[in-house]
Amino acid sequence: MRPKRSFAVLFHTISSGISPVTARLRMTRLAGALLLGAALATGPAHFAEARGAPESFADLAEQISPAVVNITTSSVVETATTEAPELPEGLQDFFDQFENGPGGPSGPRRSEALGSGFVISEDGYIVTNNHVIEGTDEIEVEFFSHKRLPAKLVGRDPKTDIALLKVESEEPLSFVNFGNSDLTRVGDWVMAMGNPLGQGFSVSAGIVSARGRELQGTYDDFIQTDAAINKGNSGGPLFNMDGQVIGVNTAILSPTGGSIGIGFSMASNVVSKVVDQLREFGETRRGWLGVRIQDVTPDVAEAMGLGEGTAGALVTDVPDGPAKDAGLMAGDVITGFNGQTIKDVHDLTRRVADAPIGEEVPLEIVREGKSETLQVKLGRREEAEAVEEAVAKPGADMPAEVELLGLTVQPISPEIAQQLNLPEDAEGLVVTKVDATSEAYTKGLREGDVITEAGQQKVATLKDLRDRVSEAKDAGRKSILLLIRREGDPRFVALSVE
């Protein structure tokens, strides 16, 4: 029987513009024209390196099964039902709570739930999802041998939905290792193990359907797979063909709640860092830069006079913190962090989170068209997030003063500042009306927004705004960059001046 090849090679071939039929012909016709020989030397060489999938997954399943566990949790609840985590429509959480339905007993009672996990050390550390154990009183782990042990919570991280448990065993436990999820390719074979729908240990296989998926978390890096995973698989491992864990099964996309072949596993390179911190400190310790940022879109890049294809994270605000101490300013574009190129906001956020706290790291920026390098000493995000910030509220409608760029604006007066909960000395232009057919409306500007900068210069009067627009036109620019504040949250918006 001809061994099956990894679908990653076929995906690469198709995405590279080579048809599967052409690729097969190039592989099978070993003799022929010189043109075909040249083709074989370039494109299809990838097939020679392709890994074959086993005719059976039985050996792999037998090897890793002892390290996969079922998790049973129990807790006392006040009502007959508990609310599931709020997720985007169609995105179903795995946490299967086997509770009494409507009409069941009321008042306090004990509720049980099921999930999955896997052992990562012979002394009993176990990884699962946070939502599997969150709010529970008791946690019990069942091994493939049907041995049961109580588990205690070491630490958890809601941001990545990862939790670390610990069991005490008289004998060393079988365990599995994390693999490098960055080496995983779309089309590679994968195998999932867990406790779907409370049916006990179960194996399913499929391929990696996509990588780098973001659902709703700041640190999301999900591997999408079509390996069948259902409720109860939560916290279970996703293996590569070397028996390494490359993901933790966390969510499925489904209109019905059942598997339709779209499952998501948090990438092991994210999970392993979280687990290391939970194991050492019992909590996460992420780096904190202290800036508000947004992606550099093509229109924003054009409005700022940046080169075509400029990537990075655009700084919209620099409150008190490490970035301000390092000299970072609103309008700077962060293009590199600690020697690594920054592609976008998500990329910077993850790299900062992984960086050491309290140590200086180089920050590469573009300021007014020139490249600079700053040294910044990172703080700790968890401590920064614990500080509550006052949030301004938008005020009532105000009379229009002048229309420009699809906006009706007027200067901030003491009365307006009071209505918007702004400082008495606040400067800028408040938006009192937005043309619903304008570009400004399409890009999200609304009544109550405050314009504080235009063309990266402060604006306090209507003349300031007119002058900035005229300067942009005279410079041959197609758009102007506005700094907008809404409820204290700043962002840059590029509007056409043509």
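Everything that follows concerns the structure shown earlier in this document.
Residues numbered from 1 in each chain as written. Predicted model: local features only at pLDDT ≥ 70, side-chain atom pairs only at ≥ 80, totals over all residues. Heavy atoms only, no water.

(A) Region of the structure containing the overall build of the chain. Along its length, the chain carries 14 helices and 31 strands. Within the chain, the fraction of its 498 residues that count as buried is 46%. Taking as baseline every contact in the chain between residues at least 6 positions apart, the subset at least 24 positions apart corresponds to 63%. Accessible area of the chain: about 25200 Å², with a carbon and sulfur share of 49%. (Helix = DSSP H or I, 4+ residues; strand = E, 2+ residues; numbered from the N terminus. Buried < 20%, exposed > 50% of the residue type's maximum accessible area, 1.4 Å probe, protein only. Contact = heavy atoms within 4.5 Å. Areas by Shrake-Rupley, 256 points an atom, 1.4 Å probe, with all protein chains shown as cover.)

(B) Summary view of helix H7 (residues 268-281). In this model, H7 (14 residues) spans 19 Å end to end at C-alpha, consistent with the 20 Å of a helix rising 1.5 Å per residue. What H7 keeps buried is the set Ser-268, Asn-269, Val-270, Val-271, Ser-272, Val-274, Val-275, Gln-277 and Leu-278. Positive phi appears at Gly-282, one or two residues downstream of H7, with a value of about 80°. (Expected span 1.5 Å × (residues − 1).)

(C) Spatial organisation of helix H10 (residues 345-354). In terms of residue burial, H10 counts as a mostly covered element, since seven of its ten residues are buried. Among all positions of H10, only Val-345, His-346, Asp-347, Leu-348, Thr-349, Val-352 and Ala-353 are buried. Looking at the buried side of H10, the elements it contacts are strand S17 (287-288), strand S18 (292-295), strand S19 (313-317), strand S20 (333-337), strand S21 (340-341) and helix H11 (381-385). For H10, the side-chain oxygen to backbone nitrogen distance between the N-cap and His-346 is 3.3 Å, and the N-cap itself is Asp-344. (Polar contact = N/O pair within 3.5 Å; in protein donor to acceptor, adjacent residues only side chain to side chain.)

(D) Structural context of the environment of Arg-285. Along the chain, Arg-285 turns up in the loop between H7 and S17. Arg-285 gets classed as partly exposed once you look at its relative accessible area, which sits at 33%. Those residues within four positions of Arg-285 in sequence are excluded, and the remaining contacts are Gln-277, Ala-353, Ile-357, Arg-380 and Glu-382.

(E) Spotlight on the pairing of strand S8 (residues 138-142). Inspection of the sheet shows S8 paired to strand S9 (residues 148-157) by four bridges, in the antiparallel sense. Each residue of the ladder has a partner; that of Val-141, found in S9, is Leu-149. (Pairing = 2+ DSSP bridges.)

(F) Up close: the pattern of salt bridges. This model, assessed by the stated rule, comprises 25 salt bridges. Taking the shortest distance from any N to any O, the salt bridge between Lys-166 and Glu-168 comes out at 3.3 Å. Take Glu-168: its relative accessible area is 58%, and that puts it in the exposed class. For the salt bridge of Glu-283 with Arg-380, the shortest nitrogen-to-oxygen distance reads 3.3 Å. With Glu-283 in the loop between H7 and S17 and Arg-380 in strand S24 (residues 379-380), this pair connects stretches of sequence that are 97 residues apart. Looking at Glu-283, the relative accessible area reads 32%, which means it is partly exposed. Exposure remark for Arg-380: the relative accessible area of 15% places this residue in the buried category. (Salt bridge = Lys/Arg side-chain N within 4 Å of Asp/Glu carboxyl O.)

(G) Broad picture of unusual backbone geometry. Positive phi values are uncommon outside glycine, yet Asp-161 reaches one of about 60°. Relative to the assigned elements, Asp-161 resides in the loop between S9 and strand S10 (162-167). Note on Asp-161: relative accessible area 15%, which makes it buried.

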